[in-house]
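Chains, contacts and geometry: an overview
Listed below, chain by chain, are the residues.
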Amino acid sequence: MEYGRHLDNPRAVAYYEATLANAAAQDDDRHMATKHLAMSETAIGRPTVAGSDSWAAHYSPGRWAHESCMILSRFGDLDAAEEHLHLALDIHGLDRRRTRAIVLADLGGVRLRQGDIDGAMATWRDFLGCADGIRSVSVQAALRDMRVRLRRYSAVPEAQQLRERAGHITD
């Protein structure tokens, strides 16, 4: 962070601050996580230098919004987490289908934690459509996670259909 504070590269600063916020969240340090998440948000909102070939150019506002969601979700702020996922999906867009699939999987999980079973299933249906044909360790992990979460809803026909469809994608 000492190095990052002196950079004139908003995306790199945002990345470093979000990384520190994520580490603090993993340590259950809400104060530090919130502080550095806010600093990351300030940095990602600053314009980048045109024509810059920064190593951090990949760290887009959409990626920042997704990472922020995961931190907020860890602390149980599910409404803010969902809002950040919508930012990633709807406003900023995502540069790869794989990334979009992972964000949709996370949104389904947030909706399920909120008690919105129908919303979770609708989102996971979109996730499966996006994930089909993608070869990715992260997508495979999201598919397994979704299938495990849906086990609790074995009496719901759509949940069973989603689990079966996910099983075909993982095969």
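The text that follows walks through the structure, step by step, so that each part is easy to find. Model, not experiment: these values are computed from the prediction.

1. A look at the overall build of the chain
What the chain contains, in helices and strands, is 9 helices and 0 strands. The helix and strand sequence of the chain, counted from the amino end, reads α-α-α-α-α-α-α-α-α. Expected size for 171 residues packed as a compact globule is a radius of gyration near 16 Å; at 17 Å, the chain falls within 12% of this value. Projecting the C-alpha coordinates of the chain onto the three principal axes gives extents of approximately 55 × 35 × 25 Å. In the chain, buried positions account for 44% of the 171 residues. Look at the contacts in the chain between residues 6 or more apart in sequence, and 57% of them connect residues 24 or more apart. Accessible surface for the chain amounts to roughly 9200 Å². Of this, 49% is attributable to carbon and sulfur atoms.

2. With respect to the packing of aromatic side chains
Counted according to the given criterion, the structure contains 2 aromatic pairs. When the ring of Tyr-15 is compared with that of Tyr-59, the centres are 5.4 Å apart and the planes differ by 80°; the resulting orientation is edge-to-face. Taken as a pair, Tyr-15 in helix 2 (residues 10-26) and Tyr-59 in the loop between helix 3 (30-44) and helix 4 (61-74) lie far apart in primary sequence, 44 residues in all. By the ring-pair criterion, three or more aromatic residues cluster together here, those being Tyr-15, Tyr-16 and Tyr-59.

3. Overview of helix 3
Residues three or four positions apart in an α-helix share a direction because the helix packs 3.6 residues into each turn. Over its 15 residues, helix 3 runs 21 Å from end to end, which matches the ideal 21 Å to within 8%, given 1.5 Å per residue. Those residues of helix 3 that are buried lie in contact with helix 2 and helix 4.

4. A word on the packing of helix 7 (residues 117-131) against helix 8 (residues 137-150)
Orientation of helix 7 relative to helix 8, taken along the N-to-C sense of each, is 150°, at an axis distance of 12 Å. In this view, helix 7 runs roughly antiparallel relative to helix 8, as classed from their interaxial angle. The chirality of how helix 7 crosses helix 8 is left-handed. Facing helix 7, whose interface residues are Met-121, Trp-124, Phe-127, Leu-128 and Ala-131, helix 8 presents Val-139, Ala-142, Leu-143, Met-146, Arg-149 and Leu-150.

5. Quick look at the layout of surface pockets
Of the volumes computed, that of the largest pocket is approximately 370 Å³. Around the largest pocket, the lining is made up of 13 residues, and of these His-66, Arg-98, Thr-99, Ile-102 and Asp-106 lie nearest the centre. When contributions to the lining of the largest pocket are tallied by element, the ones reaching two or more residues are helix 4, helix 6 (97-113) and helix 8. For the second largest pocket, the calculated volume is near 190 Å³. Forming the walls of the second largest pocket are Met-70, Ser-73, Ala-105, Asp-106, Gly-109, Val-110, Arg-113, Trp-124, Ala-142, Asp-145 and Arg-149. Counting residues per element, the ones that place at least two in the lining of the second largest pocket are helix 4, helix 6 and helix 8. The element that contributes the greatest number of residues to the lining of the second largest pocket is helix 6, accounting for 5 residues. Of the residues assigned to the lining of the second largest pocket, the class counts are 5 nonpolar, 2 polar and 4 charged.

6. Focus: the environment of Ala-56
The residue Ala-56 is located in the loop between helix 3 and helix 4 in this model. Each C-alpha atom, one on Ala-56 and one on Arg-11, is 5.7 Å from the other, the two residues being 45 residues apart in sequence.

7. Remarks on the environment of Gln-26
Relative to the elements of secondary structure, Gln-26 occurs in helix 2. Between the C-alpha atoms of Gln-26 and Arg-74, which are 48 residues apart in sequence, the distance is 8.2 Å.

8. Concerning the nonpolar core
Trp-124, Phe-127, Leu-128, Val-139, Met-146 and Leu-150 are the most contacted members of the largest nonpolar core, which totals 49 residues. Elements supplying a minimum of two residues to this core: helix 2, helix 3, helix 4, helix 5 (78-91), helix 6, helix 7, helix 8 and helix 9 (157-170). Looking at which element gives the most residues to this core, the answer is helix 6, with 8 residues.

Rules of the game
- Residues numbered from 1 in each chain as written.
- Predicted model: local features only at pLDDT ≥ 70, side-chain atom pairs only at ≥ 80, totals over all residues.
- Heavy atoms only, no water.
- Helix = DSSP H or I, 4+ residues; strand = E, 2+ residues; numbered from the N terminus.
- Rg over C-alpha atoms; globule rule 2.2 N^0.38 Å.
- Buried < 20%, exposed > 50% of the residue type's maximum accessible area, 1.4 Å probe, protein only.
- Contact = heavy atoms within 4.5 Å.
- Areas by Shrake-Rupley, 256 points an atom, 1.4 Å probe, with all protein chains shown as cover.
- Phe/Tyr/Trp six-rings, centres within 6.5 Å; stacked < 30°, edge-to-face > 60°.
- Expected span 1.5 Å × (residues − 1).
- Axes fitted to C-alpha atoms, helices over the stretch in contact; angles between N-to-C directions.
- Parallel < 35°, antiparallel > 145°, perpendicular 65-115°, else oblique.
- Left-handed = near helix turned anticlockwise from the far one by under 90°.
- 1 Å grid on protein atoms, 1.4 Å probe; cavity = no way out; pocket = protein on both sides within 12 Å on 5 of 7 lines; lining within 4 Å.
- Points joined across faces, edges and corners; volume = space filled by probe spheres on them.
- Nonpolar A, V, L, I, M, F, W, Y, C, P; charged D, E, K, R; others polar.
- Core = buried A, V, L, I, M, F, W, Y, C linked by side-chain atoms within 4.5 Å.

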